[in-house]
Amino acid sequence: MSFLVRLLAGLALVCASSAALSQESEGERDRIVFSVISTEQTEAVEALWQPFVDAMEETTGLEVELVSAIDYAGVIEAMRFGQVDVGWFSNLSGLQAIRLADAEVFAKTLYPGGQEGYRSVILVRDESPIRTLDDLLTCDGSLSFALGDPNSTSGTLVPLAYIFAPRGIDPQSCFSQVTNANHEQTALAVVNGFVDAGTNNTTNLDRLAQTRPEALEDLRILWTSPLIQTDPIVWRRDLPEEVKAEVLSFFLTYGFRGDAEQRAYEQAVLDDLFLGGFLPATDEHLLPIRRLELMRDLAEAQASDALEEAEREIRLEQVQTAMRELAAEERRVAVRELSEELIAARARMGTEADAATADINALVSDFLAAQPRIQVERRVQRVTASEMTRGFIALAAGLGLFALLMFRSRPPRFGPSRLMSDRLIDAAIWSGLFGLLIWSFWPAEMFKLPLLGTNAPRMGEYIAGFFQLDLDGWETYARQTLVTVQIALWGTVVAVIAAIPFGLLASRNIAPVWIVQPVRRLMDAFRAINELVVAAIFVAAVGLGPFAGVMALALHTTGVLAKLFSEAVEAIDDGPVEGVRATGAGPLNEVVWGVIPQVIPLWASYALYRFESNTRAATILGLIGAGGIGQLLIQNIRSFEYGKTATILLIIIAAVTAVDLISQMLRKRLV
């Protein structure tokens, strides 16, 4: 035992040393993290952006890590705390990054053909009876609707500003169910009939025309917005100036530099990304989005029935003052002139490619030369171990430990001897575990462990936002939390009913092996699939709402309880069973009178524990429209409404605590 303690202590020392070395290299500014938002499948987005990132690494001399996420809020918070340096955002999420993460806009995207904007749309199925906005906005609770991410411009802000706010309509109370998802998920939800209508944009529809053309055949555009400007590219304001210069130069010249072969390749990469290049921009780029926010606030203040007249006048005056201040902001002439000159130079690429390329490089160089920045030496790229190298290190560590354990486990000269097979097995198990830990150290990013200490103030700053409770709407949160508990209750009851026969059939002392093994494998499948995935399957069958959540929890919990029930049955005393059998009773009576009475207390304890677990699990099922508090919880987190999020969390904690206390009382009565 003392040897194992020393071994684990040595492993901790090795990990700490590796973490310190990694942390030291992390501190150098030779690496940036570039984030992109996935409006469709994450792996597809990363594959499309990887050639662009590879070129950024080669051109700037920086190591560039590409990260892709489906959630704007997570990326904004990561940028806020220095974990993301540069990012492609939507207009609204870019504005949030400026407000919350001390970011600034340095470039904007162009679409193929040079278009500088796109449009928000509302989609319905082609055969849907919804033909006009009036058909959609009946607000009788008969229709379901899908908004985009709360920080999405086309998916949320534009529809709220142009459709819902001017009419004084709250989507949450207008529709039977409101979900939030990325653009591709929203389009597919409409196509498959999961929701009656949903938001999207023309850019994503163009992408779907290439990736999923069959889906567009069943869609119809119900409403189209005015033009929205293209997306911003932002960076952290505190990045070193020389890093900013390298990155900006790369973005402005990509696709329009080098020889004809390089330009053709980079243009092909941009085409795959549905981009036509980049132009310089500043925070001024987001002024129209700020106007949209004010338009939404103005319409909501005018239409709200909850405001007293005096309070309404104060609110309207505040919004109008903000709009006047916004209109007074000056344009940054230098960036505007550079954009116009770059557009003119790029327009000559078809006829004077080489001259246009030279002009573009000169324009960017002159612009950068005019910007104040600190000149520093070129950073050296950090070299990281490859997967094969890490495997060899882990193998060598495991073999070294194996030899050490074999040496230490030699039997003493005058003591009891041990079988060689036992020594080999023990040494193989411990050395294999040690090797796996070493091999997994880098992929699991365990070298970041010291960051929990050094960045503790960041975590405290984030958590502090939850201490400002916003109790508005707590009745709604409490009602939806109650629905969540009801989902967990019915899901658990259905699972218990199903798990009893499955648990008996999976018990080796009750059923023959040709029944036990198939049943156990089926229960493995039930447990292996996450509740969210199962809920999505049931949504396809029964539609949005709590019943899909009940069935998802029931299926998953059946797999868990059947395993626990079978293990309890296998541990029973055979005496009572043999006594029942001695009376001449059949197999069914043996189970009813010899097995069930012994396992009932343990089964009840397992069932109550799973009810507690399901109450927690059910809180997230609302994310995909399966009812409960999950939708409101995620929406408020994504909207940075931490006061409201804290209120929801407190209500959830109270509900789970109440369930736990009730379970304890019932367990005492049953055990």
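In this text the structure is predicted, and so the values were computed from the model without any measurement.

A. The packing of aromatic side chains, seen in detail. Here the structure, examined in full by the defined rule, presents 19 aromatic pairs. A centroid spacing of 6.2 Å and a plane angle of 65° characterise the contact between Phe34 and Phe251, whose relative ring orientation is edge-to-face. Of this pair, Phe34 sits in strand 1 (residues 31–37) while Phe251 sits in helix 11 (residues 241–253), and the two are 217 residues apart along the sequence. Ring centres 4.5 Å apart and planes at 20° place the aromatic pair Phe565 and Trp603 in the stacked group. Placement of the pair is Phe565 in helix 24 (residues 546–570) and Trp603 in helix 26 (residues 587–618), with a sequence separation of 38 residues. Accessibility expressed as a relative area gives 4% for Trp603, which makes it buried.

B. Region of interest: the pairing of strand 4 (residues 103–110). Counting buried residues in strand 4 gives eight out of eight residues, a clear majority hidden from the surface. As paired elements, strand 4 and strand 10 (residues 232–236) share five bridges and run antiparallel to each other. Residue pairing across strands places Ala107 opposite Ile233, the latter belonging to strand 10. Looking at chain direction, strand 4 and strand 11 (residues 277–280) are connected through four bridges and run antiparallel. Residue pairing for strand 11: Lys108 is matched across the bridge by Leu279.

C. Broad picture of the pairing of strand 10. The buried fraction of strand 10 is high, at five of five residues. Side chains Pro232, Val234 and Arg236 project from strand 10 onto one buried face, and the interleaved Ile233 and Trp235 project onto a second face that is buried too. Two strands pair when backbone bridges link them, and strand 3 (residues 86–88) and strand 10 are joined in this way by three bridges, in the antiparallel orientation. Each bridged residue has a counterpart across the sheet, and for Gly87 the counterpart in strand 10 is Val234.

D. Local environment of the nonpolar core. Residues Met79, Phe89, Ile122, Leu136, Phe145, Phe164 and Phe175 are the most contacted members of the largest nonpolar core, which totals 46 residues. Sort the elements by how many residues they give to this core and helix 6 (residues 153–164) lands first, with six residues. Not counting residues up to four positions away in its chain, the partners in contact with Leu136 are Ile122, Ile130, Leu143, Phe145, Phe175, Ala197 and Leu222. If you look at the next biggest cluster of nonpolar residues, it comprises 45 residues, including Phe52, Leu62, Leu110 and Met349.

E. Layout of the pattern of salt bridges. This structure, assessed with the given rule, holds 17 salt bridges. Linking Glu65 and Arg31 is a salt bridge whose minimum nitrogen-to-oxygen distance equals 1.9 Å. Placement of Glu65 in strand 2 (residues 63–69) and of Arg31 in strand 1 is noted, with a sequence separation of 34 residues between them. By relative accessible area, Glu65 is classed as partly exposed at 27%. With a closest N to O distance of 2.4 Å, Arg527 and Asp524 form a salt bridge. Here the residue Arg527 and the residue Asp524 both occupy positions in helix 22 (residues 513–528), the gap between them amounting to three residues, near one helical turn. For Arg527, a relative accessible area of 25% gives the class partly exposed. One connected set of salt bridges, linked through shared partners, spans Asp102, Glu104, Arg237, Glu241, Lys244 and Asp283.

F. Fine view of unusual backbone geometry. Here Asp102, not a glycine, exhibits a phi torsion of approximately 55°, which is positive. Within the secondary structure layout, Asp102 lies in the loop between helix 4 (91–101) and strand 4. Even without glycine at this site, Phe274 takes up a positive phi of about 60°. If you trace the backbone, Phe274 turns up in the loop between helix 12 (260–272) and strand 11. The exposure class assigned to Phe274 is buried, which follows from its relative accessible area of 11%.

G. View of the sheet that holds strand 2. Read from one edge of the open sheet, six strands run 2-1-3-10-4-11, paired in mixed fashion. The open sheet terminates on both sides in strands that have one partner only, identified here as strand 2 and strand 11. Sheet twist, expressed as the mean angle between neighbouring strand axes with direction ignored, is 25°. Strand contacts of helix 3 (residues 72–80): strand 1, strand 2, strand 3, strand 4 and strand 10, with the helix running at about 160° to strand 1, the strand carrying the most contacts.

What counts and how
- Residues numbered from 1 in each chain as written.
- Predicted model: local features only at pLDDT ≥ 70, side-chain atom pairs only at ≥ 80, totals over all residues.
- Heavy atoms only, no water.
- Phe/Tyr/Trp six-rings, centres within 6.5 Å; stacked < 30°, edge-to-face > 60°.
- Helix = DSSP H or I, 4+ residues; strand = E, 2+ residues; numbered from the N terminus.
- Buried < 20%, exposed > 50% of the residue type's maximum accessible area, 1.4 Å probe, protein only.
- Pairing = 2+ DSSP bridges.
- Core = buried A, V, L, I, M, F, W, Y, C linked by side-chain atoms within 4.5 Å.
- Contact = heavy atoms within 4.5 Å.
- Salt bridge = Lys/Arg side-chain N within 4 Å of Asp/Glu carboxyl O.
- Axes fitted to C-alpha atoms, helices over the stretch in contact; angles between N-to-C directions.

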